[in-house]
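Spelled out from the first residue to the last, the chains are:
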Amino acid sequence: MKTKTRFALVGTGHRGSTMWGRDLVERWGEHVELIAVCDLNALRAERSSAHMGVSVPIYTDFDELLRVERPDLVIVCTRDNTHDDLIVKAMEAGANVISEKPMTTTAEKIKRILDAEKRTGKRLDVSFNYRFAPTAAKIKELLNSGVIGDVTSVDFHWYLNTSHGADYFRRWHAFAENSGSLFVHKATHHFDLLNWYLDSDPQTVSAFADLKHYGRKGPFRGTRCRTCPHKHQCDYFFDISKEPLLESLYEAPSEVDGYVRDACVFREEIDIPDTMVTAIHYKNGVDVSYSLNTYMPIEGHHIAFNGHKGRIELRQYEKQPWTEPPADEIVLMKNFGDVERIWVPHSSGGHYGGDDRLRNMLLKPGLNDELRQRAGARAGAMSVLCGIAALQSSRTGVPVSIAEVWGDDNGLNLLDGRP
Ligand SMILES: NC(=O)c1ccc[n+]([C@@H]2O[C@H](COP(=O)([O-])OP(=O)(O)OC[C@H]3O[C@@H](n4cnc5c(N)ncnc54)[C@H](O)[C@@H]3O)[C@@H](O)[C@H]2O)c1
């Protein structure tokens, strides 16, 4: 008889309750069984269990969960700077781990995770769902085919709109201590895509970044939207009561831990940049120009790979106010030849179908991974190191090498031979 993987979910916020909670219970139940949940906030965990339609033991003490339940797999969906502790403890208790991105937020925390993985022989997967989007997979195939020759440079620009972008400034992400800044929290996806597309590691990073729109740059401020005296004049007013799941997971539970889901995007104390520009030099010689803007009328990205024989270009849009394109157009241009337009339909589900494909790869046995989309601790580490280097460079005004961020003590050898 086929045995199911017994998994525990730690972190029952929105991501845990949906992507790794209710969805797995409803659609991956043939392969996995949720046996327990853990959150520091028991009320949020109760609300989350109700949303998932399960009645499993709820823990506020993760050590106790590991001791009593002995899960095969732990899925970590907590605040970014708490991932390392939970990953290490889970592996030490004999479980494999899936961690939400970013894997963690500092070089020291990366080392703890890599060391635990090596020591325990357990495996960590990092949820880089963008690699699994059909358009990303098609671009990877084109690059692998050599159709534009060796890639020499990449233009990569990511845009977050006034809804999604602002959301990071409403929550704990707005403080570098929690999220490593959006260079780590958000750009970990983008740096990982680059590392995977280029099949190389970043070497040196140079960045400029500033807070130009949110935080202390705002015209006025309150504490949170629900009680704000400026709600009728603020473009960023967010009415959580219109979002039943958010209201349920965050409103009453905020009385337990003080975590409100609609904190003011203009809080004085916000300390992360909202406008980021970066140049990255890769080990294989490729140079990348990358930017991240967080208050745009568009949501999506532009990317172009420039090679000796041609160029691959994509403008991918999501949630546009004026149109919802059902497909992406990849434009393949040969330097001395034709232009080919390749249409890749969007798939249903989050991240253009990437979320479902990622979960299939991690949870269904026996799928092959021709494009090496499955990302482990090494990939998690490299993308975070790139983000840390970018933040450091933007603060100091000088280029920062990945080796420097990592520290000279044992080189980068902890990263050798890992997926
Ligand atoms: N891959 C993606 O596209 C994607 C999308 C959204 C979120 N995420 C990631 O998912 C994670 C969770 O995001 P969210 O928006 O649900 O966050 P959230 O803060 O709303 O929820 C996190 C939950 O973890 C709990 N928690 C914090 N520290 C804990 C600890 N030490 N032990 C137990 N519980 C703890 C909190 O009480 C909270 O309920 C983040 O790392 C985020 O980056 C990834």
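Quick notes on the rules
Residues numbered from 1 in each chain as written. Predicted model: local features only at pLDDT ≥ 70, side-chain atom pairs only at ≥ 80, totals over all residues. Heavy atoms only, no water. Near = heavy atom within 4 Å. Polar contact = N/O pair within 3.5 Å; in protein donor to acceptor, adjacent residues only side chain to side chain. Areas by Shrake-Rupley, 256 points an atom, 1.4 Å probe, with all protein chains shown as cover. Nonpolar A, V, L, I, M, F, W, Y, C, P; charged D, E, K, R; others polar. Domains from an automatic or database assignment. Pairing = 2+ DSSP bridges. Helix = DSSP H or I, 4+ residues; strand = E, 2+ residues; numbered from the N terminus. Contact = heavy atoms within 4.5 Å. Axes fitted to C-alpha atoms, helices over the stretch in contact; angles between N-to-C directions. Phe/Tyr/Trp six-rings, centres within 6.5 Å; stacked < 30°, edge-to-face > 60°. Buried < 20%, exposed > 50% of the residue type's maximum accessible area, 1.4 Å probe, protein only.

**Q** I keep staring at the site of the ligand and nothing clicks. Help me out?
**A** Taken together, 25 residues lie near the ligand, and D39, R44, D80, W172 and Y250 sit nearest. In the model, an oxygen atom of the ligand is placed 3.5 Å from a nitrogen or oxygen of the H189 side chain. H351 places a polar side-chain atom, nitrogen or oxygen, 3.4 Å from an oxygen atom of the ligand. The fraction of the free accessible surface of the ligand (860 Å²) that becomes covered by protein chains is 88%. Across the shell around the ligand, the residue classes tally to seven nonpolar, 11 polar and seven charged. Two domains share the shell around the ligand, each providing at least three of its residues, namely domain 1 (5-127) and domain 2 (130-214 + 271-349 + 374-415).

**Q** Sorry, what's going on with the sheet that holds strand β7 (residues 151-161) here?
**A** Pairing between the strands of a sheet is mediated by backbone hydrogen bonds and can be parallel or antiparallel. Across the sheet, nine strands lie side by side as β14-β13-β12-β11-β7-β10-β9-β8-β15; this open sheet has mixed pairing. Of all the strands in the sheet, just β14 (339-345) and β15 (400-401) have a single pairing partner and so form its edges. The sheet contact formed by strand β9 (residues 275-282) and strand β10 (residues 287-296) spans seven bridges and is antiparallel. Its bridge partner being in β10, T278 is matched across the sheet by Y290. With respect to the sheet, helix α10 (residues 187-198) is in contact with β7, β8 (202-210), β9, β10 and β11 (299-307), its orientation differing from that of β7 by roughly 155°.

**Q** I keep staring at the packing of aromatic side chains and nothing clicks. Help me out?
**A** If you walk through the whole model with that rule in mind, you get 12 aromatic pairs. For the pair W196 and Y197, a centre-to-centre distance of 5.3 Å together with 35° between the ring planes defines the contact as tilted. Just as W196 is buried, Y197 falls in that class too. Between the aromatic rings of Y214 and Y295, the centroid separation amounts to 6.0 Å while the plane-to-plane angle is 80°, which identifies the pairing as edge-to-face. Linking Y214 in the loop between β8 and α11 (244-251) with Y295 in strand β10, this pair joins segments that are 81 residues apart in sequence.

**Q** Where do I start with the pairing of strand β12 (residues 310-318) in this structure?
**A** Consecutive side chains of a regular strand alternate in pointing toward one face of the sheet and then the other. Sheet analysis places β11 next to β12, joined by eight bridges and oriented antiparallel. Paired with I303 across the bridge in β12 is L314. As consecutive antiparallel partners, β11 and β12 are separated by two residues. The sheet contact formed by β12 and strand β13 (residues 327-334) spans five bridges and is antiparallel.

Read these as geometric descriptors, not functional statements.
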